[in-house]
Amino acid sequence: MTGGREAHFLSIAEWSRDSLERLLDLADAVKAGRSGADRPLGGRTLGMVFAKSSTRTRVSFEVGMYQLGGHALFLSSADIQLGRGETISDTARVLSRYLDAVMIRTFAQSDVVEFAETGSLPVINGLTDRYHPCQVMSDLMTVREEFGTLENLIVAWIGDGNNMANSWLNAAARFGFELRLASPEGYDPNADDLERASEATTVTLLREPLEAVRGAHVVTTDVWASMGQEEEAERRRRAFRGYCVDSDLMAVSDDAIFLHCLPAHRGEEVTDEVMDGPRSRVWDEAENRLHLQKALLLALMAD
Ligand code: CP
Ligand code: NVA
């Protein structure tokens, strides 16, 4: 959709570049206190359905709704009837009668799509196995704060071709920055997201982290075993040896900033020295979840 209001936020790929840019601009305005201060979501309720753990997503959405004058409900999928087999579509129809929007963190992307198709309220993807769009938009906000632009930048993704990597691919496709991914064989990102991004911009899939980071402006990584992959953790630890972002790797970049969606496994995908070092922007990145998501709630819900 160009110019109009987007109905849902299920992936970066589904929004136009214009809409994404407006979201980033609004997030900057929210952070600067120029927008959202007059309780624009008074009387509105956001449902937050979680089938996986969360610190940042849960707290930033709840605080964001409160700061916008609305209310947020934490709904663990284990505690609502969804966890006992009530279908997604029945749940979506019922929650649509109570809530004004819903944020969902779950496993299958198809579940958030089904919720959006059968419910009659805006649906926000708060992380699936396939995507983490709120996080990558917050990351783009952090990158813009640092460089003033997303143009002519090289972003290096080190490690698993997971939900974060797929959302970075979608972001590169929309904004046109160069994206280099270094992943061990067998852990590539989603083939469709890779193909779409490769058609739109310069995307390189590598095996060697040094090659990806050389001359990069942003270096980013994530855990080796995502939520739901706990049983694979030991095998993954072996496969990802050599994919740790340390000071030697950062040194071949173009004085890059370091981003991590968090939680981090210090000593695995990143060293303490990089996490706590002068080029780390991880705490700003975490803070920006709040501002970006307030902008998203305004974009989807405000009158
Ligand atoms: N980055 C992120 O989504 O963190 P949580 O899992 O704590 O929500
Ligand atoms: N890739 C990680 C991100 C956590 C915010 C996961 O899905 O567990």
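Residues numbered from 1 in each chain as written. Chains lettered and ligands numbered in written order. Predicted model: local features only at pLDDT ≥ 70, side-chain atom pairs only at ≥ 80, totals over all residues. Heavy atoms only, no water.

## Concerning the pairing of strand β9 (residues 257–260)
- Of the two faces of β9, both are covered, the one formed by Ile257 and Leu259 as well as the one formed by Phe258 and His260.
- Where strand β8 (residues 218–221) lies against β9, four bridges are found, and the strand directions are parallel. If you follow valine 218 over to β9, its bridge partner there is isoleucine 257. (Buried < 20%, exposed > 50% of the residue type's maximum accessible area, 1.4 Å probe, protein only. Helix = DSSP H or I, 4+ residues; strand = E, 2+ residues; numbered from the N terminus. Pairing = 2+ DSSP bridges.)

## Focus: the packing of helix α1 (residues 17–31) against helix α5 (residues 133–147)
- Relative to each other, α1 and α5 sit at 70 degrees, their axes nearing to 10 Å. Here α5 runs roughly perpendicular to α1, going by the angle between their axes. With respect to the hand of their crossing, α1 and α5 are arranged in right-handed fashion. In contact with Leu20, Leu23, Leu24, Asp25, Ala27, Asp28 and Lys31 of α1, α5 contributes Met137, Leu140, Met141, Arg144 and Glu145.
- A breakdown of the residues in the contact of α1 with α5 according to their chemical character gives seven nonpolar, no polar and five charged. (Axes fitted to C-alpha atoms, helices over the stretch in contact; angles between N-to-C directions. Parallel < 35°, antiparallel > 145°, perpendicular 65-115°, else oblique. Left-handed = near helix turned anticlockwise from the far one by under 90°. Contact = heavy atoms within 4.5 Å. Nonpolar A, V, L, I, M, F, W, Y, C, P; charged D, E, K, R; others polar.)

## Some words on the sheet that holds strand β4 (residues 123–125)
- With parallel pairing, four strands are arranged side by side in an open sheet as β2-β1-β3-β4. In this open sheet, the two strands that pair with only one neighbour each are β2 (71–76) and β4. Pairs of neighbouring strands in the sheet enclose a mean axial angle of 20 degrees, with direction left out of account.
- One ladder, built from five bridges, connects strand β1 (residues 45–50) with strand β3 (residues 101–105); its direction is parallel.

## Brief notes about unusual backbone geometry
- Note that the residue after leucine 262, namely proline 263, is joined by a cis bond; omega there is 5 degrees.
- Look at arginine 39: it is not a glycine, yet its phi comes out positive at around 50 degrees.
- A relative accessible area of 55% places arginine 39 in the exposed class.
- In this structure, leucine 262 sits in the loop between β9 and α11 (272–275).
- Using a relative accessible area of 9% as the deciding quantity, one classes leucine 262 as buried.

## Some points on the pattern of salt bridges
- Scanning all chains against the criterion turns up 23 salt bridges.
- Two residues, arginine 279 and glutamate 146, come together in a salt bridge whose shortest N-O distance is 3.9 Å. With arginine 279 in the loop between α11 and α12 (282–301) and glutamate 146 in helix α5, this residue pair connects regions lying 133 residues apart in the sequence.
- Looking at glutamate 146, the relative accessible area reads 30%, which means it is partly exposed.
- Note that glutamate 232 is salt-bridged to arginine 235, the shortest N-O span being 3.7 Å.
- You can call glutamate 232 partly exposed: its relative accessible area is 26%. (Salt bridge = Lys/Arg side-chain N within 4 Å of Asp/Glu carboxyl O.)

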